[in-house]
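Architecture at a glance
The primary structure of each chain is shown beneath.
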Amino acid sequence: MTSTPALVAPSAGAAFEARTVEHRDLRDDDVLIDITFAGICHSDIHQVREEWGSAIFPMVPGHEIAGVVSAVGDGVTRHKVGDRVGVGCMVDSCGECEFCKNGEEQFCSKGAVMTYNGRGYDGEATKGGYAQQVVVSERFAVKIPDGLELDVAAPLLCAGITVWSPLKRWGARPGKRVAVIGFGGLGHMAVKLASALGAEVSVLSRTDAKKDDGAALGATAYHATSDPGVLRELKGTFDLIINTVSADLPMQTYIGLLRPLGVIANVGLPTGNYEFAPGAVVGGSRVVAGSNIGGIPATQEMLDFCAEHGIGATVETISADQVDEAYERVVAGDVRYRFVIDTSTIAVPA
Ligand code: NAP
Ligand code: ZN
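Numbering of residues begins from 1 in every chain and follows the order in which that chain's sequence is written. Whichever chain is written first becomes A and whichever ligand is written first becomes 1, with later ones labelled in order. In view of the model being predicted, local features appear only for residues whose pLDDT reaches at least 70, and side-chain atom pairs are presented and counted only at 80 or more, with totals across whole chains, interfaces and linings using the full set of residues. Side-chain measures here rest on the full set of heavy atoms in the structure, leaving out hydrogens and waters.

This next bit is on the pairing of strand β11 (residues 200-205). Here is the key point about a regular strand: its side chains alternate between the two faces of the sheet. Among the six residues of β11, five are classified as buried, and the element is accordingly described as predominantly covered. The criterion for strand pairing is that DSSP finds at least two bridges linking the strands in question. Elements are defined by DSSP. Helices are runs of H or I of four residues or more, strands are runs of E of two residues or more, and each kind is numbered from the N terminus. With five bridges connecting them, strand β10 (residues 177-181) and β11 associate as parallel partners. The partner of Ile181 across the bridge, within β11, is Leu204. By the criterion used throughout, a crossover qualifies as right-handed when its path from the first strand across the helix to the second strand runs clockwise, the strands pointing away from the viewer. The β-α-β motif built from β10, the intervening helix α5 (residues 185-196) and the parallel element β11 has right-handed crossover chirality. Viewed along the sheet, the connection from β11 through helix α6 (residues 211-216) into strand β12 (residues 221-224) turns out right-handed. Throughout, exposure labels follow a simple rule: accessible area from a 1.4 Å probe, protein chains only, divided by the maximum for the residue type, with under 20% read as buried, over 50% as exposed, and the rest as partly exposed.

Of all seven residues in strand β1 (residues 2-8), five are buried; the element is thus mostly enclosed. Relative to strand β2 (residues 17-23), β1 runs antiparallel, the two sharing seven bridges. Bridging from a neighbouring strand, Val8 pairs with Glu17 of β2.

Let us look at empty space enclosed by the protein. Two kinds of site are reported from a 1 Å grid over the protein atoms alone, namely cavities, where a 1.4 Å probe fits but cannot get out, and pockets, open sets with protein on both sides within 12 Å along at least five of seven lines, and residues are called lining when an atom falls within 4 Å of a point. Grid points are joined across faces, edges and corners, and a volume is the space filled by probe spheres set on the points. Enumeration according to the criterion identifies two cavities of 30 Å³ or more in this entry. Roughly 90 Å³ of volume is contained in the largest cavity. The classification used treats Ala, Val, Leu, Ile, Met, Phe, Trp, Tyr, Cys and Pro as nonpolar, Asp, Glu, Lys and Arg as charged, and all other residues, Gly among them, as polar. Tallied by class, the residues present in the lining of the largest cavity amount to 10 nonpolar, four polar and no charged. Approximately 60 Å³ is the volume attributed to the second largest cavity. Split by residue class, the lining of the second largest cavity holds five nonpolar, four polar and one charged.

We call a residue near a molecule or strand when any one of its heavy atoms sits within 4 Å of it. Every one of the 27 residues lining ligand 1 counts as a neighbour, but His42, Ser43, Leu186, Ser205 and Arg338 are closest to it. Polar contacts, as used here, are pairs of N or O atoms within 3.5 Å; protein pairs need one atom able to donate a hydrogen and one able to accept it. Residues neighboring in sequence count only if both atoms are side-chain atoms. Taking His46, its side chain carries an N or O atom lying 2.8 Å from an oxygen atom of ligand 1. For ligand 1, an oxygen atom lies 2.8 Å from a polar atom in the side chain of Arg206. Burial of ligand 1 by the protein chains amounts to 90% of its free accessible area of 920 Å². Listing elements by their share of the shell around ligand 1, those giving two or more residues are α1 (42-48) and α5. With three residues, the single largest contributor to the shell around ligand 1 is α1. For the shell around ligand 1, the residue count by class is 11 nonpolar, 13 polar and three charged. Only the protein chains shown count as cover for residues, and all accessible areas are computed by the Shrake-Rupley method using a 1.4 Å probe.

UniProt positions are given in the numbering used here, feature names are shortened, and annotations may be inferred rather than shown by experiment. Residues annotated in UniProt with the feature "domain: Enoyl reductase (ER)" (unreviewed entry) correspond here to residues 13-341. When the span residues 13-341 is considered, its composition is 25% helix and 25% strand, and the gap between its end C-alpha atoms is 19 Å.

In this section: the coordination of the zinc ion (ligand 2). Around the zinc ion (ligand 2), the protein contributes the donor atoms Cys41 (SG), His63 (NE2) and Cys158 (SG), at 2.0 to 2.2 Å from the metal centre. In the primary sequence, the donor residues of the zinc ion (ligand 2) line up as C-x21-H-x94-C. Taken together, the residues His63 in the loop between α1 and β4 (65-72) and Cys158 in the loop between α3 (150-153) and α4 (159-169) connect sequence positions 95 residues apart. Each member of the pair, His63 as well as Cys158, carries the same accessibility label: buried. Because no water is among the atoms considered, metal sites can look incomplete, with donors defined as N, O and S atoms within 2.8 Å of the metal, or 3.2 Å for Na, K and Ca.

Considering soluble globular proteins, one finds that nonpolar side chains tend to be buried as a cluster. By nonpolar core we mean a set of buried residues, namely Ala, Val, Leu, Ile, Met, Phe, Trp, Tyr and Cys, connected to one another through side-chain atoms within 4.5 Å. Ranked by size, the top nonpolar core spans 57 residues in total, and within it Leu167, Val178, Met189, Val191, Leu193, Leu240 and Ile242 carry the most contacts. Looking at this core, the elements that each hand over two or more residues are α3, α4, β10, α5, β11, β13 (238-243), β14 (258-266) and α10 (296-309). The element best represented in this core is α5, accounting for six residues. Setting aside anything within four residues of it in sequence, one finds Val191 in contact with Val180, Phe183, Val201, Val203, Gly214, Leu217, Gly218 and Ala219. Listed in part, the 39 residues of the second largest apolar core include Ile40, Val76, Val323 and Tyr327. Residues count as neighbours in contact if any of their non-hydrogen atoms are within 4.5 Å of one another.

The next subject is the packing of α4 against α5. One way to put it is that α4 packs onto α5 with a least axis distance of 8 Å and a crossing angle of 50°. Judged by the angle between their axes, α4 and α5 are oblique. The two elements α4 and α5 meet at a crossing, and its hand is right-handed. Between α4 and α5, the residues in contact are Ala159, Gly160, Thr162, Val163, Trp164 and Leu167 and Gly185, Leu186, Met189, Ala190, Leu193 and Ala194, respectively. When grouped by side-chain class, the residues that make up the contact of α4 with α5 number nine nonpolar, three polar and no charged. Axis definition: a line fitted to C-alpha atoms, limited for helices to the stretch in contact. Angles are taken between N-to-C directions and run from 0 to 180 degrees. For classification purposes, an angle smaller than 35 degrees is called roughly parallel, one larger than 145 roughly antiparallel, one from 65 to 115 roughly perpendicular, and anything else oblique. Here a crossing is called left-handed whenever its near helix is offset anticlockwise from the far helix by less than a right angle, and right-handed whenever the offset is clockwise.

What follows is the structure, encoded as structure tokens:
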């Protein structure tokens, strides 16, 4: 067993405690990673607060992990001690089904093992990145290219890949008008990636508070949606909308912002249902789509693209004792644009 300091949520919604947790001895295909930074994703908050239904406690959240390999199992071939690597939302999958073979492990027929709030195929509860170490199968550790610092790379492992998938699938490229709803962790990565892919990008945020950042990150337009006149003016404008909002949204209104054949790809996971009339999609042959993270090959492709284009997340680094407060700030929309925990600050009381 490997013992490591971690931030543990003892029960739903409770404050974090620094405790020592155990990871399994390395299997043949495992790597041990010394974690340097872990991003705070809104999905961590949804799960710690049981907003998606019953969760496994005690919980060590964190699926935006960046660090350095510190030990390898006997059969490991992809990584070696000293390699800079990242881990995202998954730590295992069957490796044999059509989806795994196609590099879409998130759709594994046996069920991919999630990085935390999940169970490995051995039945053990998984523990995530708010910790100083993690053990994962080498297949689920991706290489962080030299050009990317580990703090700005960590959020790419969830926020980055989650918006990369629908941008690539639905063709964000020169000549395409892309709107990003919700300018937070996922949203700011969608703006950076869509603009690097050559699309014309608009930010749709609730207020004008982050207007200057929109242009700085690559958007050519910024609209405050609290003004209902704005949504009327934007009717029929976009080829692709990436909806990253963590709360319920009037879907029909946003479908109306699409051009004919346009797509709204939803990645935000609030609990309410989408509501829209059939005519909202039938009339313009529009698509309401969803998108779930991304597979390991696509994650590596996205990281390599980010390194090539000098793209990292825009982060605010915090210490372990600031995580509870950071959760409140994320929910209040007070983050620019991702909190990243410096895991060296996790101190277990004697
Ligand atoms: P985040 O940093 O909190 O950003 C969400 C943004 O949504 C906020 O910045 C805010 O943007 C907007 N928003 C928040 N509350 C709102 C409200 N009541 N009404 C309208 N807009 C509101 O969260 P995140 O980490 O980017 O995650 C966003 C969502 O994606 C979460 O639900 C998360 O669970 C989900 N997610 C899904 C996947 C997937 O695979 N599909 C992966 C990761 C995360 P403005 O301030 O600009 O309005
Ligand atoms: Zn996430």
